[in-house]
Amino acid sequence: MKRSLQARVLDTVVRHSMICSGDRIGIGVSGGADSVALLRLLAGLRAQLGVRLFVLHFHHQLRGADADADEMFVASLAREFEFDFLSDRADVAGEARRNGWNLEDAARRLRYQFFESVATTNGLGRVAVAHTANDQAETLLAHLFRGTGPAGLAGIYPVAGRIIRPLLGVGRGELRDYLLSLNQSWREDASNQDTSRTRARIRHKLLPFLQQEFDPAAVTHLARLAGLAREEEIFWHALEDERFAALALREPSGAVSLRIADLLFPLPMFKAGSRDAEPRGGSAATPVLALTRRLVRRIFVELRGSRQQLTARHVEDVLHLATKSQSGSRIELPGVIVERRFDRLLFFPVSPDAGAEKIGREQLRDPQFEYTIALPGSSESARIVPRVLLSRKFTAGSH
């Protein structure tokens, strides 16, 4: 006999150690079917879990009266179940314009900032959000189209810091059937139907096509792939952290640097020139190239806090800089400058308002690489760093 939806959610909570008895748990509720189902399911489990529940709602100020109605609907639902209701709002469109974010990214950032803030203020140990198996499948496909590496196949994690996702193994259709069986209403967000957005096209066009034309269980298979990839990532993350700690240096300037030889051959048994480091089967890749790529991403996370916006193409650009470029060459990643200095790579964080000139003259300045030369025909001198003249600009023929 098929287990109840509530039992499956409880199994997910226990298997991933999401909740402990006595916890204060926030539930992110937008008013949509998935989040309303999450509220109903956790409400049914609260006595068994021994938790106190809070309903959290973030108003994005994007949909006018409809968004106001969503907020009132969620507040009413919280009152019905006698849960504390905590809400906030922000001008998501304005923040997107000011920071150069797309609208979806801005909404996500501000929503999670709200969750973190309200959790800290109210002593919430976890915040549950309503990502489903469908969200997992959509994320996996979006990562593939963006050019992800193997790490991106892990998709959405069941537990990420304070955030937990008890519905990650449940399909969206199952949740709607569950709500209908309870005669429970929910709110529909018309903007989710806007197929000009990549995520909406995947949801409303690509996934239904895959299910109809290839396999009705496409969502299940994609979600399972993500789960297997996450298991692999547990090992890789441990190795990345150990190699990062052993090989990378945090410079006084805030940069992270490491020797190019250590980046390309990060494991001692595979050093350049050893027989084990020689390509096999005509491949130009070394046995540790996968770890090399992961170290690049690990350094990016150290400087930026997440891997967002870093693509596989960016990682390959760093490897090209390390293997094909001369000292003084540099490339730009999202929010990070990478420069080759002799036998090392230096990774510099860049503030959003830093222009190229400021980056070149201030953030990439390192006293150990500066030197002074006399200017011909002048009593003045100039202090030089690679590719940047700091103290005086002059042209041919000037005195």
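The structure contained in this document is the topic of the report that follows. Bear in mind the structure is a predicted one, so any value in this text is a computation, not a measurement.

### Focus on the packing of aromatic side chains
- Within the structure shown, the criterion is met by six aromatic pairs.
- Measuring from ring centre to ring centre gives 5.7 Å for phenylalanine 114 and phenylalanine 115, while their planes differ by 45 degrees; the resulting arrangement is tilted. In terms of burial, phenylalanine 114 and phenylalanine 115 fall into one category: buried.
- Summarising the aromatic geometry, the rings of phenylalanine 209 and phenylalanine 214 are spaced 5.9 Å apart at their centres and angled 70 degrees between planes, so their arrangement reads as edge-to-face.
- Judged by its relative accessible area of 63%, phenylalanine 214 falls in the exposed class.
- Three or more aromatic residues joined by ring pairs form one cluster here, namely Phe58, Tyr112, Phe114 and Phe115.
- The aromatic ring of tryptophan 101 is capped on one face by arginine 109, whose charged end is 4.4 Å from the ring centroid.
- A cation sits over an aromatic face here: arginine 298 above phenylalanine 244, 4.2 Å from the ring centre.

### What about unusual backbone geometry?
- For serine 17, which is not glycine, the phi torsion reads 50 degrees and is therefore positive.
- Backbone geometry places phenylalanine 342, a non-glycine residue, at a positive phi of 55 degrees.
- Here phenylalanine 342 lies in the loop between β10 (336-341) and β11 (344-349).

### A word on the sheet that holds strand β1 (residues 24-28)
- Read from one edge to the other, the open sheet built from six strands follows the order β3-β2-β1-β4-β6-β5, with strand pairing classed as mixed. Each having just a single partner strand, β3 (84-89) and β5 (159-160) make up the two edges of the open sheet.
- Where strand β2 (residues 52-59) lies against β3, six bridges are found, and the strand directions are parallel. Its bridge partner being in β3, histidine 59 is matched across the sheet by arginine 89.

### Topic: the packing of helix α6 (residues 133-146) against helix α8 (residues 198-213)
- With their axes 10 Å apart at the nearest point, α6 and α8 run at an angle of 105 degrees to one another. For the element pair α6 / α8, the angle class is roughly perpendicular. Listed contacts from α8 to Asn134, Asp135, Ala137, Glu138, Thr139, Leu141, Ala142 and Phe145 of α6 are Arg199, Ile202, Arg203, Leu206, Leu207 and Leu210.
- Of the residues in the contact of α6 with α8, the class split is eight nonpolar, two polar and four charged.

Parameters and conventions
- What you see as residue numbers is a count from 1 along each chain, following the sequence as written.
- Where local features are concerned, this predicted model is filtered to residues with pLDDT of at least 70; where side-chain atom pairs are given and counted, the filter is 80 or more; whole-chain, interface and lining totals use all residues.
- Think of the side-chain values as coming from all heavy atoms in the structure, minus any hydrogens and water.
- Classification of ring pairs uses Phe, Tyr and Trp, with its six-membered ring standing for Trp, and accepts pairs whose centres are within 6.5 Å; under 30 degrees between planes counts as stacked, over 60 as edge-to-face, and the remaining range as tilted.
- Exposed residues in this analysis have more than 50% of their type's maximum accessible area, buried residues have under 20%, and partly exposed residues fall in between, with area computed by a 1.4 Å probe over protein chains only.
- Criterion for a charge above a ring: Arg CZ or Lys NZ at most 6 Å from the ring centre, at most 35 degrees from the ring normal.
- Secondary structure elements are taken from DSSP: a helix is a run of H or I of four residues or more, a strand is a run of E of two residues or more, and numbering for both begins at the N terminus.
- One requirement defines pairing of two strands: DSSP has to find at least two bridges between them.
- Each axis is a line fitted through C-alpha atoms, taken for helices only over the stretch in contact, and angles between the N-to-C directions span 0 to 180 degrees.
- Oblique is the label for any angle not under 35 degrees, not over 145, and not in the 65 to 115 range, which are roughly parallel, roughly antiparallel and roughly perpendicular in turn.
- By definition, residues are in contact when any of their heavy atoms lie within 4.5 Å.
- Under the grouping applied here, Gly and all other residues not named as nonpolar or charged are polar, the nonpolar ones being Ala, Val, Leu, Ile, Met, Phe, Trp, Tyr, Cys and Pro and the charged ones Asp, Glu, Lys and Arg.

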